Amino acid sequence: MASSITARSVLIAASIKMPYVGLGTWLASPEEIETAVDAALTAGYRHIDTAFAYENEAMIGNVLKKWLDSGKIKREELFIVTKLPNNAMREDLVEDYLKQSLSALQLSYVDLYLVHMPVGLQSGIGLRPRNEDGSFKLDPTTDILAVWKAMEKQVDKSRAKAIGVSNFNINQLERIQKISRIPPVNNQVELHVYLQQKDLQKYCKDNGIIMTAYAPLGSSGMVAFVKKAGVTLEGGKDEDPREDPVVVRIAKSHNKTTAQVLLRFLIQSGINIIPKSVNPDRIRQNFQLFDFVLTNKEMAELNALDKGEDGRKFCGDLLRGMQKHPEYPFPN
């Protein structure tokens with residue numbers, strides 16, 4: 001019998017349950033995001049993922065307030081995630097930036113607050129400060145351990161129910177765990193059938209860290225994004241796993257979409273997912289993952305599609321200059 005995920009959420013800390021499926025909100029316009037969050041809540045989503053760097057917290061906050069004020073939903077039913085941006089990777093900035101996020105979201109607390117990335121950028125000169133050559137202006141003095149201690153204080157002050165990280169590698173997780181009073185409960189990373197990060201998966205599982213996959217469908221919107229940003233993708237990075245023949249065949253056998261198969265593969269592997277969509281129909285489809293189970297053979301076939309680091313999309317020119325930072329988390 002294949003491994004089956006039937007529960008809709010996973011316990012990440014004492015009495016804190018994190019829904020397996022959340023709505024990703026990166027790269028959505030202000031108009032799109034309000035429609036998407038409204039459609040997601042209508043479809044049954046209760047996990048909404050955002051970040052200070054997405055510049056959409058205020059729009060999400062408007063929708064949440066509308067639902068909460070209507071009485072259709074209670075705050076304790078929601079699971080809201082946001083993140084500390086790269087330009088605030090300093091111990092003295094953590095509290096201020098979380099307060100800004102809470103104000104925009106019109107909430108008194110978030111359920112999970114993440115360090116968006118271990119790479120710090122220079123503060124006080126904009127969200128994404130860049131040099132004349134387009135590379136990011138780095139803060140090489142970033143101290144992720146000091147930042148973590150400041151994150152812990154936000155739990156103490158009830159601004160965050162739980163804390164975690166995003167885009168951290170095993171070495172960085174180990175260093176945080178050694179000094180933490182409140183260990184990270186979550187690591188949100190790029191993870192999909194072409195980039196499965198199996199060593200990181202094992203480490204997180206062994207150490208009680210829940211993984212959340214961003215770009216769980218392989219980020220088909222990446223090509224348009226990088227073109228707009230004026231950067232390029234290395235060869236093969238624009239491949240869409242939804243078009244992979246193995247995925248197509250498995251989807252047909254279950255009378256499901258290829259996206260549903262890719263998402264089911266991840267949650268059946270015990271990984272939380274935050275697929276991003278602004279299309280109400282696809283938002284509903286991305287939530288319909290608990291009425292079928294992939295067989296052991298199908299899981300093995302999907303596991304075999306892993307391309308390792310060749311499958312990583314969020315790297316290279318997209319993060320121009322970050323490779324020089326001492327905390328750059330990906331293989332150079």
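Structure shown above.
Attention in this report is confined to the structure presented alongside it. (Residues numbered from 1 in each chain as written. Predicted model: local features only at pLDDT ≥ 70, side-chain atom pairs only at ≥ 80, totals over all residues. Heavy atoms only, no water.)

1. Side note on the packing of helix α8 (residues 245-254) against helix α11 (residues 296-303)
At a minimum axis distance of 10 Å, the contact between α8 and α11 shows a crossing angle of 160°. When the interaxial angle is binned, α8 and α11 end up roughly antiparallel. α8 and α11 meet at a crossing whose hand is left-handed. Contacts from V246, V247, R249, I250, S253 and H254 of α8 reach α11 at E298, E301 and L302. Considered class by class, the residues forming the contact of α8 with α11 number 4 nonpolar, 2 polar and 3 charged. (Axes fitted to C-alpha atoms, helices over the stretch in contact; angles between N-to-C directions. Helix = DSSP H or I, 4+ residues; strand = E, 2+ residues; numbered from the N terminus. Parallel < 35°, antiparallel > 145°, perpendicular 65-115°, else oblique. Left-handed = near helix turned anticlockwise from the far one by under 90°. Contact = heavy atoms within 4.5 Å. Nonpolar A, V, L, I, M, F, W, Y, C, P; charged D, E, K, R; others polar.)

2. What about the pairing of strand β9 (residues 210-214)?
Of all 5 residues making up β9, 5 are buried, and the element is well covered by its neighbours. Burial of β9 is two-sided: the residues I210, T212 and Y214 facing one way and the residues M211 and A213 facing the other way are all buried. With 5 bridges joining them, strand β8 (residues 186-190) and β9 adopt parallel strand pairing. Looking across to β9, one finds that V189 is bridged to A213. Tracing the backbone out of β8, into helix α6 (residues 198-206) and back to the parallel element β9 gives a crossover that is right-handed. Here 2 bridges tie β9 to strand β10 (residues 272-273), and the two strands are oriented parallel to one another. Looking across to β10, one finds that T212 is bridged to N272. (Buried < 20%, exposed > 50% of the residue type's maximum accessible area, 1.4 Å probe, protein only. Pairing = 2+ DSSP bridges. Right-handed = clockwise from strand over helix to strand, strands pointing away.)

3. Observations concerning the packing of aromatic side chains
The geometry of two aromatic rings is summed up by the distance between their centres and the angle between their planes. Throughout the structure, instances matching the rule amount to 5 aromatic pairs. Aromatic pair F52 and Y97: ring centres 4.9 Å apart, planes at 65°, arrangement edge-to-face. Pair noted here: F52 is in the loop between β4 (47-49) and α2 (57-70) and Y97 is in helix α3 (residues 94-105), with a separation of 45 residues, a long-range link. For F52, a relative accessible area of 19% corresponds to the buried category. Ring-pair connections join several aromatic residues into one group, and the members of that group are W26, Y214 and F314. We note R75 situated over the ring of Y109; from NZ or CZ to the ring centre the distance is 4.0 Å. (Phe/Tyr/Trp six-rings, centres within 6.5 Å; stacked < 30°, edge-to-face > 60°. Lys NZ or Arg CZ within 6 Å of the ring centre and 35° of its normal.)

4. What to know about α6
For α6, the set of buried residues is L200, Q201, Y203 and C204. Looking straight down α6, one finds that the buried residues subtend no more than 165° of arc, so they occupy a single side. Exposed side chains of α6 directed beyond 90 degrees from the buried face belong to D199, K202, K205 and D206. On its buried side, α6 packs onto α5 (170-179), β8 and β9. (Arc of directions from axis to C-beta.)

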